[in-house]
Amino acid sequence: MTVPDPYVLQTLLGRRKMLARGTIGSVALASLIHSGTSNASDDVASSSGSRGILKSLPLPQRAKRVIWLTMAGGPSHLELFDHKPKLTELNGTPMPESFTQGQQLAQLQGEKLFCLGPMFPFERYGSQGTEISRLLPHIGSVIDDVCLVRSMTTDAINHDPAHMFMNTGSQIAGRPSMGAWVNYGLGSESEDLPGFVVLVSTGKGRSPQPIAARQWSHGFLPSRYQGVQLRSQGEAVLYLSNPNGVTREQQGIDVDAIQSLNRQQDLVQHDPEIAARIAQYEMAFQMQASVPELMDASLETKETMEMYGCEPGDGSFASNCVLARRLAERGVRFIQLYHRDWDHHSLLREELPLRAREVDQASAALIKDLKHRGMFDDTLIVWTGEFGRTPMSQANKGPIGRDHHNRSMSMWLAGAGIRGGMVYGATDELGYAAVENVCSVHDLHATMLHRLGIQHDAFTFKFQGLDFKLTGVEGAKVLEDILAS
Amino acid sequence: MLYPIAIRIGAAMLMGAISLQPSPLFVLGQAPPVPDRVEFNRDVRPILSDACFYCHGPDASHRQAGLRLDDREDAMAHQAFTPGNAIDSLLIQRIESDDSDAIMPPPESNKKLTPRQKEVLKRWIAQGAEYQNHWSYDPIRRPEVPDTENAIDFLVRKRLNGLGLKPSPEADRRTLIRRLYSDLIGLPPTPDAVNAFVDNPFEEDRYERLVEGLLSDEHYGEQMAMHWLDAVRFADTIGYHSDNPRNVWPYRDYVIRSFNSNKSFDRFTIEQIAGDLLPDADQETRVGSCFNRLLLTTEEGGAQPKDYESRMLADRVRAIGTIWLGQTTGCAQCHDHKFDPFTARDFYSLGAFFADIQEGIIAPREEGMAVMSVEQRSRLKQLDEALADARKQFDAIATQLEDAQKAWEKEITEATVILPELAPDASSDEAQKKLAKSVAEGLRASHRTSQQIQDIQKYYRSLAVAPFADERSRWQQAEKERNDFYRGLPKCIVTKSTDKKRPVRLLPRGNWMDESGELVQPAFPAYLPQPDLRGRTLTRLDLAQWLVSSEHPLTARVIMNRLWKQFFGMGLSKVLDDLGAQGELPVHPELLDFLASEFIASGWDMKHMVRLIVSSKTYRQVATVTPELALIDPYNREHARQSAFRGEAEIIRDYALKVSGLLDDRIGGPSVKPYQPDRYWENLNFPPRTYVADTQEGQYRRGLYAWWQRTYLHPSLLAFDAPSREECCAERVRSNIPQQALVLLNDPTYVEAARALAARILREGPRSKRERIQWGMREVLQRPARDEEVETLLELLSKHEERYEASPDAAKALLQVGLSSTPSEETWIELAAWTHVARVLLNLHETITRS
């Protein structure tokens, strides 16, 4: 232990004694105890839900939780959300140089550039007649609940840095992920589950891009804010199961003995960390029961599973959406799903429909399900890749595809007072660059934090002497126009 | 790692007060009084830096109203204050203002001064607004210390006296030996060693002898290396994207050896940064230079070289900043530092030192240099000679060969046969296929390139030739023998310098696509001492020598501050990677300066410093927190006691393996793979990888040797806060999270250790259950068990005996966890039940805590 945690400090001093001595005001004490911790040990508050660093929220809290659907690899906005008839017109002709001159490209750098028209038809959906791909009929059916952003941009054009940027607001490894930030700020409402949970599924396609565990790292925030991956195969949480030959009852006997011996030692040693250790064993033992119950989707109705389009335990994106809802019901603050294999440098025509089918129905079902359960209004859903794709074709990797692209991408948000049925921003006539209401990843983060009641530029953590913010130093804006309430 | 709460809410209430010069004891929760005589570095700079420098500091491009407050003359030229007259000073008027347009800091900065902070600033101006240089840039000043006692004790106690505090008593011997073992070699002592230390009343110097013994124990190097490897971000994989392996483990062993041989720290530094440039460069110094290659790299197709060139430069600058300078440099990639005098120019000039390193930017790392023992080197020499000899004999028949080759070419071209290496089912290796491809093309070509001509000859002589079979097979045999031997040698990527240096530009706003910035040459940061090296381009060797020159104000302070943390749980200045304006003025500046000056004066002698620290009475105190100390100095910044803290991830593993008798404590070698949950690596790709755990001794090696996969660090290590080593890490966090309980309870490593410990208890311990529990407790905790503890464990034992008697198969299942063989059937129930006793012991807070 380096710096004792406020909780520990409380134990150290004895709360009652401190108050009785009148050496510290009860308000100051409460702030000391509840304002999160140093990097040191965890507080026991997490065993009964934990308070975050923010004692009061400056903004109304529209979202109590976030479900972030990450389409890893970079889905093509030009086939899915951003219809460009002009691109069809110019299909196969050289890309006008005025668009691309002096720009950095990824795998197309130095190649001859040709326009590629959308490979799949679009259709109008919803009361506003929003055009999206026919590959996404289910999302189309809930488009009135969704705000589609067509003018997102990002700083990075390679997967690893782009994911880091999308998750942490920085391209430097080792910064905290948004899920960690949010739990640090707001704490968790769950008594026996981590506040930041990650689920990963993989398309039944080719060889998907890797995802590093740093994408859900706590970075420089205390470790307990790290994302915990729930796995659909093997143990749901690493080391969750008892060793072979040990029943839950026996595990309980051992945990009781450990707790008892630790308490006995505390009488001799007076180490405040011991109380924290006891609390962690308690929570671990509880998790051993609560996680399997959580993962058991057989408790869902047949109708629900049909709505999402999956079988219990099949490890699909749809199954993970069901789990996301179950996690949300249990008070988990930040739930992030990854669906891999959207990196269509090639085989766009062959592979994209498969990915679309894997996520379309379940993404929409999640919205419907949350509405049905009265949770839509205080859950923020975000659907995005890490970047968009070029209007130019890529043919140097086999059957035709599109390259990485950071100057335009489409994404959508829903729930938590986000304006449904809206289309925000636009790209130029070829979908190359965002030109109207151009927004950045930091703007997205600022907006998400705003929904959670957090003022992004006042939400900092001191690291290496600097006040770090999720939204960086360049300034970010809340996308006020997309907020209905 | 920083402590935001401590700073934000605690700065005034908790930390600030005790860092004051001795003054009346303050009461927790109340702001300490503003001292009568305000000191700039201690009292004022932290306020200005945190609240003002962002807009009125060193960064010219972001400066508002042209005003800078980090420079007295400049501030006065802008009429920020009138020394001696606080009330009429603009600075005071603005911080006291009620007008939201006028008040400083402005509301949108989300910064607010407390009444105490305002009072400090007022008093400072009233007293003349004197500035001081930032403490860590001033030369190191050795304080006066007597020869008659340990200087650390003298300095610590001088301050304690002033504060009216008394040091704590010396810890009992069992605690002392356990502490020393933990801190110096990272392993628990055996009960015999404890007994020898505790029970021998005649030996006056037993403590000193124990220290000497441990300092010369080869595990000392491992323990010191563990911390160093965090700092330099040592890992087995490249870090970005595919996160593929690279050959670096010989560097880890180099670090261990360096600490064990007590290589002077200046030499250690120079070898790592410039081991290839030394006049006496040898294998050892070149392996040291692997340091320069430890950064993150990528193999991602489509990544842009310029992008990664810039990332790699920045990575290296941050490394020098964290490891030696204790300066945060990262922000200067885009703009001048907002709080310290480190400029963007300093950033790129520092990066330019590394522009000569030969390496692929977007590429797999090369295999690296063969690292050989003396015997291996002479064996390789023999094999090389034998090969040259055989080759010579083969070449002696060159004319005949040439004729034969012509005939062969004619024949094969006319026959239009496919070369066997190119057949779809060929078992040839990649190099052979590549060669054959070139040959096939060459044979078809109307005009051969010189490469093709060479390749055809090479192919003919190595693969195709039919006549001269004896000569050829002798040659090929010699070649195979040599290559097989070479392949088996350890390899290490090292630094190689090239004349074709990458040009380094100052990148405007850090944007690698903007090439408008000027070219820069290697240079030392302008605000630090500048040796006279005019007239030539500076090299990495210059950089290394500069870092460890005796005039350098930072390096020795940074290293000693980190070393202090190893033995007391916290640095004297608590922000280990920032001794700049936003870091912390050391609680005890004299003590840090003493350590730094002693370190330099001793010839950068690390063991000397460790010895000095652990020999002090300060180090030997109890860790017990009295109610008085809890109130006055809860974070133990004054060292009126020792601190207790949890062991590092690796040490927790080593402890369990050691007390269970499983530990294989050999030093060095390739990284090992402990048991790991299935599919933990499933999100890795290019290529997909399956983790294959070691099936032999590798399973029981120390945690230090565990395979360090940056993007998926072993989950047990991760749970106990081992860093991923993607960035340099000066200080590990120490958390206390539920995953730690799950690891100690359920990770097969710990379950297997429990059953091995149970077997030891039954095999080596006494006969009765009660005595066995006492024996086990002594093995694990090196202390006698208390009656209450024995009762708890006896009860637990009988419960499990009952369960396993009812279900012997369950006992067997438990006893099959891990690689160790399953014992014979008649012992199952007893052993399984005792495994639970052992498991409880390995899970105790006391077991994993150094106190």
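That block above? That's the structure.
Described in the following lines is the structure provided in the data block. Every chain is numbered on its own, with residues counted from 1 as its sequence reads. Chains and ligands are labelled by the order in which they are written, letters from A for the one and numbers from 1 for the other. Whole-chain, interface and lining totals are the exception, using all residues; otherwise, since this is a predicted model, local features are given only for residues with pLDDT of at least 70 and side-chain atom pairs are given and counted only at 80 or more.

1. Overview of the packing of helix 14 (residues 265-274) of chain B against helix 23 (residues 540-547) of chain B
Residues and elements named next belong to chain B.
Logical step 1: At a minimum axis separation of 9 Å, helix 14 and helix 23 run at an interaxial angle of 155°. Classed by the angle they form, the pair helix 14 and helix 23 counts as roughly antiparallel. Seen along the crossing, helix 14 lies across helix 23 with a hand that is right-handed. Here Thr 269, Ile 270, Ile 273 and Ala 274 of helix 14 come into contact with helix 23, specifically with Arg 540, Leu 541, Leu 543, Ala 544, Gln 545 and Leu 547.
Logical step 2: Split into classes, the residues belonging to the contact of helix 14 with helix 23 amount to seven nonpolar, two polar and one charged. With axes taken as lines fitted to C-alpha atoms, and helix axes fitted only over the stretch in contact, angles between N-to-C directions fall between 0 and 180 degrees. A helix here means a DSSP run of H or I that spans at least four residues, while a strand means a run of E at least two residues long, and both kinds are numbered starting from the N terminus. An angle below 35 degrees is read as roughly parallel, one above 145 as roughly antiparallel, one from 65 to 115 as roughly perpendicular, and any other as oblique. Put simply, a crossing is left-handed when the front helix is turned counterclockwise from the back one by less than a right angle, and right-handed when it is turned clockwise. Contacts are defined on C-beta atoms placed from the backbone: any two residues whose C-beta positions lie within 7 Å are in contact. Gly is placed with the polar residues, together with every amino acid not listed as nonpolar (Ala, Val, Leu, Ile, Met, Phe, Trp, Tyr, Cys and Pro) or charged (Asp, Glu, Lys and Arg).

2. Describing helix 11 (residues 273-295) of chain A
Residues and elements named next belong to chain A.
Logical step 1: Over its 23 residues, helix 11 runs 32 Å from end to end, which matches the ideal 33 Å to within 8%, given 1.5 Å per residue.
Logical step 2: Its axis deflected by about 30° at Met 287, helix 11 carries its strongest bend there.
Logical step 3: Between the buried cut of 20 or more and the exposed cut of 12 or fewer other C-beta atoms within 10 Å of a residue's own C-beta lies the partly exposed class, and all C-beta atoms are placed from the backbone. Among the 23 residues that make up helix 11, 17 are buried, leaving the element largely enclosed by the rest of the structure. Helices are assigned an expected span. That span is 1.5 Å times one less than the residue count. The seven residues ending at a residue and the seven starting there each receive a fitted axis; the angle between those axes is the bend at that residue.

3. Let's talk about the environment of His138(A)
Residues and elements named next belong to chain A.
Logical step 1: As for its position among the elements, His 138 is in helix 7 (residues 137-141).
Logical step 2: Classification of His 138 by C-beta neighbours within 10 Å gives buried; the count is 20.
Logical step 3: In contact with His 138, other than residues within four places in its own chain, are Asp 360, Gln 361 and Ala 364.

4. Notes on unusual backbone geometry
Trans is the prevailing form of peptide bonds, just as negative phi is the prevailing case for residues other than glycine.
Residue and element names in this part refer to chain B.
Logical step 1: A cis amide bond links Met 104 with the next residue in sequence, Pro 105, at an omega value of -10°.
Logical step 2: With respect to the element layout, Pro 105 can be found in the loop between helix 6 (90-96) and helix 7 (115-126).
Logical step 3: Note that the residue after Phe 686, namely Pro 687, is joined by a cis bond; omega there is -5°.
Logical step 4: With respect to the helices and strands, the residue Pro 687 is situated in the loop between helix 28 (649-659) and helix 29 (715-719).
Logical step 5: Of note, Ala 65 is a non-glycine position whose phi angle comes to about 55°, a positive value.
Logical step 6: Inspection of the secondary structure puts Ala 65 in the loop between helix 4 (53-56) and helix 5 (72-77).
Logical step 7: In this structure, Gln 782 takes a positive phi of about 55° despite not being glycine.
Logical step 8: Its place among the elements puts Gln 782 in the loop between helix 32 (769-781) and helix 33 (787-806).

5. As for the packing of helix 16 (residues 305-325) of chain B against helix 17 (residues 344-351) of chain B
All names here are of chain B.
Logical step 1: In the contact formed by helix 16 and helix 17, the axes pass within 9 Å of each other and the chain directions differ by 100°. Taken as axis vectors, helix 16 and helix 17 run roughly perpendicular relative to one another. Within the contact between the two elements, helix 16 uses Leu 313, Arg 316, Val 317 and Ile 320 and helix 17 uses Phe 347, Leu 350 and Gly 351.
Logical step 2: Classifying every residue of the contact of helix 16 with helix 17 gives five nonpolar, one polar and one charged.

6. Remarks on the interface of chain B and chain A
Logical step 1: Listed by partner, the interface residues are 94 residues for chain B and 88 residues for chain A.
Logical step 2: The set of elements that each furnish at least two residues to the side of chain B that touches chain A consists of helix 1 (4-8), helix 27 (627-632), strand 3 (645-646), helix 30 (738-746), helix 33, helix 34 (808-814) and helix 35 (828-843) of chain B.
Logical step 3: Here the side of chain B that touches chain A gets eight residues from one element, more than from any other, and that element is helix 33 of chain B.
Logical step 4: In terms of residue class, the side of chain B that touches chain A is made up of 47 nonpolar, 28 polar and 19 charged.

7. Considering the pairing of strand 17 (residues 460-463) of chain A
Residues and elements named next belong to chain A.
Logical step 1: What you see with strand 17 is a clean split: Phe 461 and Phe 463 sit on the buried side and Thr 460 and Lys 462 on the side with no burial.
Logical step 2: Whether two strands pair depends on DSSP finding at least two bridges between them. In terms of strand pairing, strand 17 meets strand 18 (residues 466-469) through four bridges, oriented antiparallel. Residue pairing in the sheet places Phe 461 in a bridge with Phe 468 of strand 18.
Logical step 3: Counted along the chain from strand 17 to the antiparallel partner strand 18, the turn is two residues long, and its residue Gln 464 has a positive phi close to 50°.

8. Considering the pairing of strand 12 (residues 401-405) of chain A
All names here are of chain A.
Logical step 1: Counting buried positions over the five residues of strand 12 gives five, a clear majority of the element.
Logical step 2: Bridge count between strand 11 (residues 388-394) and strand 12: four bridges; the pairing is antiparallel. Paired with Gln 394 across the two strands is Gly 401, which belongs to strand 12.
Logical step 3: Here strand 11 hands over to strand 12 after six residues, with Gly 398 in that stretch at a positive phi of 105°.

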